Each structure stands twice: as C-alpha cells, then as structure tokens.
Amino acid sequence: MNKPGPMFKAFFTKNKRDTSFLKHVACWCMLLFICSCATLEKTALAPNQIELTAENLYLINGTYENNSSEGPPYLDYFWGSYLRAKEFKIVSKQVNKENKPYLVSLNVLNKKKIRASVTINDSLLKTYTIRGKIKNGYFEQHRKMYILPALLINEYHSSKFRIGLLKDHKVLTDFKKIEFGTVYFFSPFNNSAAYYSLPHLRITPE
C-alpha cells in the first residue's frame, strides 16, 4: 500500500488545526453565552414579605399603580413585556406630561401563568400572559433572550423579572437585564441594568 504523500499530510494537518480552532471558538462562545445570561440575586425575604407558594399565589390578584419614579425606562422589558412603539408613545405622553400613572392588573391563571393587563387613563393598553414559576418565594418569569445581528446595530439581550408580595398588599418587582452590542461594529455599548425591590401600590380592595 502506498504511503500518504506530503500534500495529503499537509492537508490533514491543516484540517486538524482548523477543527481544533473551531472547537476552541465554540467553547469560548458557549462560555460567553452562559456568563452573559441575566440572573436575579437570591436574597432572603424581607420581614414584611409573604413567601409566595402554589397555594397562595392568588394573593397577588389585583390592580397596582406602576412605580414610575424608581422603575426602569418604559422601553425596557418590564412587568413581563415590552411596550411597542405606539404603546410607548401613549405611556410616555400621559405619564410624563399629564402625570397619569399606568396601572397593571394581575390575575393568576395557574402556578405557571399570570394574566397581566396594562391600562392608562381608564383605557386598556395591552393584555398578555407572564409565564414562569414559583422560586425562592417569588413568581419568577422565564428568562427572555434575543440576539440582533444587523449591519447598523448588533445587540445581545438577556433579562429576568419576578414578582413578590408584601404584607401591606403591595407587590415587589425585581428586574435585571444584560444588554450590550456594537453600532456599525466599531462603537460598543452596554445598557445592562438592575432594579431590585421596587414597591407598587395596590389600588383595589384586598
């Protein structure tokens, strides 16, 4: 049998190196992906906080006034959803200019789903379902992620949101996002942020 020639050996060696390089790149990408996932801090429940369980989750049913003074910007992922451009214009105008807070009504469907409705000035803005699970005394929404590869903006986003309950019938919300990318591949940006223990006033009777 003829032995492999030098050209074959060179080709085999090059492919082996390329495969090894791709494996290293894949490992680094996987590590970056794992490290860049938004994770909420595991904190002890406050003295005036009620631990949420499958049996008492219904206690968060009610309508709450969004804490606009301490919460994230309206374009951020919050209360388990994004505001679309049209919705953002309505909220921004009526909250900032007309000083009318937007309200969020929560209705527990089961231990994994909560129906949320956003209203402002007695007008329904949107209704959606928050999907998640009970974890560490909170209802924690499933992680939301997206990658936006484009010529103008490249962006990576990962966020988490959870709801807790206080003994005075207010709800607490925690929100964290990891968001970074580049503009035209040259100008990097980082919009990561976190908001913990935001209280929201209940406006419906207990």
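Going by the structure above, here's the rest.
Residues numbered from 1 in each chain as written. Predicted model: local features only at pLDDT ≥ 70, side-chain atom pairs only at ≥ 80, totals over all residues. Heavy atoms only, no water.

1. Considering the overall build of the protein
Then comes step 1: On a plain count of helices and strands, the protein comes out with 2 helices and 11 strands.
Then comes step 2: Each helix and strand of the protein, ordered N terminal to C terminal, gives the series α-β-β-α-β-β-β-β-β-β-β-β-β.
Then comes step 3: Within the protein, the fraction of its 206 residues that count as buried is 35%.
Then comes step 4: Total accessible area computed for the protein in this model is approximately 13,100 Å², and 60% of it derives from carbon and sulfur atoms. (Helix = DSSP H or I, 4+ residues; strand = E, 2+ residues; numbered from the N terminus. Buried < 20%, exposed > 50% of the residue type's maximum accessible area, 1.4 Å probe, protein only. Areas by Shrake-Rupley, 256 points an atom, 1.4 Å probe, with all protein chains shown as cover.)

2. A word on helix H2 (residues 85-97)
Then comes step 1: Between the first and last C-alpha of H2 there are 17 Å, a value that for 13 residues agrees with the 18 Å anticipated at 1.5 Å per step.
Then comes step 2: Taken as a whole, H2 has its buried residues at Glu87, Val91, Ser92, Gln94 and Val95.
Then comes step 3: The inward-facing, buried residues of H2 contact strand E4 (113-120) and strand E5 (123-135). (Expected span 1.5 Å × (residues − 1). Contact = heavy atoms within 4.5 Å.)

3. Structural notes on the side chain of Glu155
Then comes step 1: Considering the arrangement of structural elements, one finds Glu155 in strand E8 (residues 153-166).
Then comes step 2: Nearest to the buried, unbridged Glu155 among oppositely charged side chains is Lys177, at 7.6 Å.
Then comes step 3: If near-sequence neighbours (up to four positions away) are discounted, Glu155 is found in contact with Tyr146, Ile147, Leu148, Glu179, Phe180, Gly181 and Phe189. (Lys, Arg positive; Asp, Glu negative; His and termini not counted. Salt bridge = Lys/Arg side-chain N within 4 Å of Asp/Glu carboxyl O.)

4. Details of the pattern of salt bridges
Side chains that carry opposite charge are capable of pairing whenever their charged atoms lie near each other.
Then comes step 1: Here the structure, examined in full by the defined rule, presents 4 salt bridges.
Then comes step 2: A salt bridge links Glu87 to Lys126; the nearest nitrogen and oxygen atoms lie 3.4 Å apart. Here Glu87, found in helix H2, pairs with Lys126, found in strand E5; they are 39 residues apart in sequence, far enough to count as distant. Here Glu87 matches Lys126 in class, with each residue buried.

5. Let's talk about the nonpolar core
Then comes step 1: Ile60, Phe78, Trp79, Tyr102, Leu106 and Ile114 are the most contacted members of the largest nonpolar core, which totals 27 residues.
Then comes step 2: Those elements giving two or more residues to this core turn out to be H2, strand E3 (103-110), E4, E5, E8 and strand E9 (171-183).
Then comes step 3: Leave out the neighbours within four places in its chain, and Ile114 touches Ile60, Leu106, Asn107, Val108, Leu109, Tyr128, Thr129, Ile130 and Phe139. (Core = buried A, V, L, I, M, F, W, Y, C linked by side-chain atoms within 4.5 Å.)

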